[in-house]
Amino acid sequence: MLKNVVSTLWMLSGALLIISVLLHSPKGDGMGGLASSGGSMFSSARSAENTLNRITWTLLALFLGLAVVLSAGWLG
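Quantities reported herein were computed from a predicted structural model and do not represent experimental measurements.

**Some points on the overall build of the protein chain**
- From N to C terminus, the protein chain includes two helices and zero strands.
- Burial statistics for the protein chain: of 76 residues in total, 13% are counted as buried.
- For the protein chain, the proportion of contacts with a sequence separation of at least 24, taken over those separated by at least 6, is 89%.
- Split by element, the accessible area of the protein chain, about 6000 Å² in all, is 71% carbon and sulfur.

Here you go:
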């Protein structure tokens, strides 16, 4: 019973981790970045990016922690 709950949480955290990684803005603009102005690098979206980083790192820690618990067989 507990193993099923932990396994479901592990799969849910994995799916949420994938979504949070895909929501990140790309770091480089590629060839389009050559023609853009330098002022576009600083914006108010920086706090949203920091919050998304915290969520991503938390989900990563949860995913890896649950993976260790499930693979070690500590739940029976």
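That covers the picture; the talk isn't over yet.
**Some thoughts on the environment of L66**
- Its place among the elements puts L66 in helix α2 (residues 46–72).
- As for L66 and L9, which are separated by 57 residues in sequence, their C-alpha atoms are 8.0 Å apart.
- Apart from the residues lying within four places of it in its own chain, the contact partners of L66 are V6, L9, W10 and S13.

**Describing the side chain of S20**
- Tracing the backbone shows S20 in helix α1 (residues 2–23).
- In this structure S20 comes out as buried when scored by relative accessible area, which is 3%.
- Residues in contact with S20, not counting those within four places in the same chain, are L52, T56 and L59.

Cut-offs and rules
Residues numbered from 1 in each chain as written. Predicted model: local features only at pLDDT ≥ 70, side-chain atom pairs only at ≥ 80, totals over all residues. Heavy atoms only, no water. Helix = DSSP H or I, 4+ residues; strand = E, 2+ residues; numbered from the N terminus. Buried < 20%, exposed > 50% of the residue type's maximum accessible area, 1.4 Å probe, protein only. Contact = heavy atoms within 4.5 Å. Areas by Shrake-Rupley, 256 points an atom, 1.4 Å probe, with all protein chains shown as cover.

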